[in-house]
Each structure stands twice: as structure tokens, then as C-alpha cells.
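Spelled out from the first residue to the last, the chains are:
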Amino acid sequence: IDSDTSDEAVRATCDDATICKRFASSKSYWKDPYIQYFVRSVGERKAPEINRGYYARVQGVNHLLDAFLRKTQCDCQVINLGAGLDTTFWRLKDENLMPRKFFEVDFPTVVARKIHNIKTKPPLSKPLIETHSTDSLLLDAHSLDSDRYCIIGADLRDISNLDEKLKKFQLNPELPTLLLSECVLVYMTPSQSSNVVHWAAETFPTAMFVNYEQVNMSDRFGQVMIENLQRRQCNLAGVEACQSLDTQRERFLKTGWEQSDALDMMTVYSMLRQDDVARIERLEFLDERELLQQLLQHYSICWATKDKLKLGLSQLAF
Ligand code: SAM
């Protein structure tokens with residue numbers, strides 16, 4: 001596979017994520033009133049275990065993100081790496097949990113699509129304008145910059161370019177910073193993803209990194225997952241770093257992070273609010289609980305912290 005084809009296949013993965021999130025939220029697994037503006041139709045039915053898997057992913061990531069925002073009293077910034085068509089900015093605005101500034105990075109073509117949707121859909125543009133004070137809103141084809149929300153087109157494998165662009169848009173390295181990557185690092189080689197994680201540790205003295213992706217990929221079920229992705233010509237250069245929860249943690253511990261933890265999603269699922277889990281388990285009948293377990297055991301959340309300001313970031317957990 002040549003690299004353009006595989007990059008294109010990686011860019012297309014953001015549609016998969018959005019389509020699955022759109023479907024699950026349409027079934028009331030969680031509320032997302034904004035995702036409809038990024039994918040028009042609800043699309044074909046997804047299996048209940050897929051919907052529960054996305055539920056665990058969205059709730060798990062939100063749990064750590066919201067805990068960080070509360071711990072820092074929103075006096076912080078968030079950088080979503082490989083954000084795709086993610087709608088977190090609008091959720092945080094609605095829930096009064098907006099950080100000082102919310103950054104997103106993705107390939108320029110993905111960013112261009114996102115910006116086009118924002119420009120043309122008032123429910124998306126209105127909250128952005130409401131959080132902006134001057135008339136200097138920058139909105140061109142490949143970047144958006146307002147007081148509180150900034151979207152940047154960049155390749156995460158080119159760290160110096162990434163760093164330069166973020167600084168151009170008033171990134172403040174001294175502010176407590178949450179970095180998020182959700183199903184992104186797996187598409188890079190282990191040395192490229194280590195570079196991202198290392199850059200983050202070097203740049204931000206007070207920070208938390210949250211990474212969601214595959215884990216336990218060397219067993220039979222993991223091999224089948226890899227084959228399915230490869231069939232779609234996706235370059236899974238990073239699966240080596242997804243061998244175990246320990247390899248996930250080591251990536252952070254080897255690159256300057258003070259502490260790191262990792263849980264598989266079956267464990268996370270069992271630690272989410274159980275009244276809400278009971279609610280979503282009533283939404284659709286699931287025949288094979290074993291399949292759900294297998295699936296959830298092959299995804300993980302890994303998080304790492306550095307805490308120069310001694311805010312107590314190492315206490316953030318499930
Ligand atoms: N994080 C979003 C979510 O969970 O809904 C999107 C996930 S999607 C599976 C992976 C995203 O990472 C895509 O939007 C893709 O374009 C982006 N991505 C992968 N490699 C990248 C790179 N080298 N530079 C910038 N973005 C990248």
C-alpha cells in the first residue's frame with residue numbers, strides 16, 4: 001500500500017467513528033445533539049455490542065476529561081489530537097465546563113470538512129460566536145481560530161510543524177493542559193507516537209495525556225481485529241505499542257511522564273456509573289455477553305500526568 005492510499009484510509013476512519021457515535025446517540029446511549037450536523041443520516045443499524053463499546057469509550061474518556069476540568073477549575077487548555085469530527089467543544093460549552101481554550105488538530109482535509117460544516121450550520125457556529133469577544137475571528141478553509149476554540153490542520157508526525165502552529169494560535173505551555181488522543185496513535189509507528197508523547201511531556205510542565213486505543217492485540221481476537229482493519233487498507237503502524245497495558249504505560253513512562261495508568265475497557269465499563277450502565281443495557285437486547293467482553297478487553301484507556309503546579313493530577317482516575 002503506498003503512503004497516500006493508507007493516509008487516505010486513516011482519514012476515512014473519522015467517518016466510521018462519527019457514524020457509530022451518531023447511531024449510538026440516536027439510540028439514547030448518550031446525548032449528542034451536535035453530531036447530526038456532521039453526519040446527516042443515522043445510517044444502518046449497528047450491533048448492540050458495538051454501541052456498548054462506543055458508550056464505554058465516550059463515557060470513559062469524558063470521565064477523565066471532566067475530572068481534569070474540575071480539578072483545574074477550567075483554568076486550563078485542552079488539545080484533542082486527531083480530533084476528527086468530535087463534538088466535545090459544544091458539550092463543554094453547554095455544560096459550563098469550557099477550558100480557557102480548546103484546540104483540535106487533524107489532517108488539513110479533515111479539518112477543512114469540519115470547518116465547512118461549522119460555517120454552514122448555525123447550531124454549530126452560534127456557540128462559537130457566543131464565546132468570542134472581538135471581531136477578529138479567523139475562519140479560513142484550513143484553520144479556525146476564536147477566543148475559545150481553535151482547529152488546526154497539521155500532520156501529527158511532523159512535530160516541529162505541530163508545535164509551531166499551536167504556538168501561533170496562542171497555546172500557553174504554562175497552563176495545565178489535557179492532551180487527548182482517541183484511536184489515533186495506532187496509525188503511527190511506535191517511534192512517531194513516542195515523539196508525540198515526548199513532545200507533550202517536554203512542552204507542558206503540568207499536564208495529563210489521555211489515550212484510548214486497541215490493546216492485547218497479540219491474541220487470536222486481536223489478530224482478527226488487525227486483519228479487519230488491514231482489509232480496509234489502514235496502515236496500523238502502531239499496533240506494536242498496543243500489545244499490553246504495560247506497553248501502553250511504558251510509552252509514557254519512557255518519555256518523561258511522572259506517572260501512568262492503564263485499564264482495559266471491560267474494567268472501565270465495570271467502573272462507570274452502574275445506574276447509567278443498567279439504563280443502557282436495557283436499550284437493546286444483547287444475546288452474547290461474551291462477545292462484548294472480548295471486544296472491551298481489546299481496547300484501553302491509558303493516562304499519564306506531570307504535575308509541576310502540584311494540583312493533584314495523579315489522583316485523577318476512575
Ligand atoms: N478522535 C476522533 C474520535 O474518536 O471520534 C477521530 C478518531 S479517527 C479513528 C482517527 C483520526 O485521527 C482521523 O480523524 C485521522 O484523520 C486522524 N489522524 C490519524 N493520523 C493522523 C496524523 N498523522 N496527523 C493528523 N491526524 C491524524
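Look up a bit, the structure's there.
Presented here is a report on the structure given in the accompanying data block.

Criteria and cut-off values
- Residues numbered from 1 in each chain as written.
- Predicted model: local features only at pLDDT ≥ 70, side-chain atom pairs only at ≥ 80, totals over all residues.
- Heavy atoms only, no water.
- Buried < 20%, exposed > 50% of the residue type's maximum accessible area, 1.4 Å probe, protein only.
- Helix = DSSP H or I, 4+ residues; strand = E, 2+ residues; numbered from the N terminus.
- Pairing = 2+ DSSP bridges.
- Arc of directions from axis to C-beta.
- Contact = heavy atoms within 4.5 Å.
- Polar contact = N/O pair within 3.5 Å; in protein donor to acceptor, adjacent residues only side chain to side chain.

### So, the pairing of strand β8 (residues 259–264)
Move 1: With five of its six residues buried, β8 lies for the most part within the structure.
Move 2: Looking at chain direction, β8 and strand β9 (residues 299–307) are connected through six bridges and run antiparallel. Across the sheet, the residue bridging to D264 is S300, located in β9.

### Here we look at helix α11 (residues 274–281)
Counting along an α-helix, one turn takes 3.6 residues, and residues three or four places apart therefore face a common direction.
Move 1: D276, V277 and I280 are the residues of α11 that are buried. In a view along the axis of α11, the buried residues occupy a sector of 105°, so they form one face of it.
Move 2: Looking at the packing, one finds that the buried side of α11 touches α2 (48–71) and α10 (265–271).

### Describing the environment of T13
Move 1: Checked against the element boundaries, T13 lands in helix α1 (residues 3–26).
Move 2: Residue classification places T13 among the buried positions, given a relative accessible area of 15%.
Move 3: Once the C-alpha coordinates of T13 and Y54 are considered, the two residues, 41 residues apart in sequence, prove to be 14 Å apart.
Move 4: Apart from residues lying up to four places away in sequence, T13 is in contact with Y187 and C234.
Move 5: Here V10 takes part through its backbone oxygen, which lies 2.5 Å from a polar atom of the side chain of T13.

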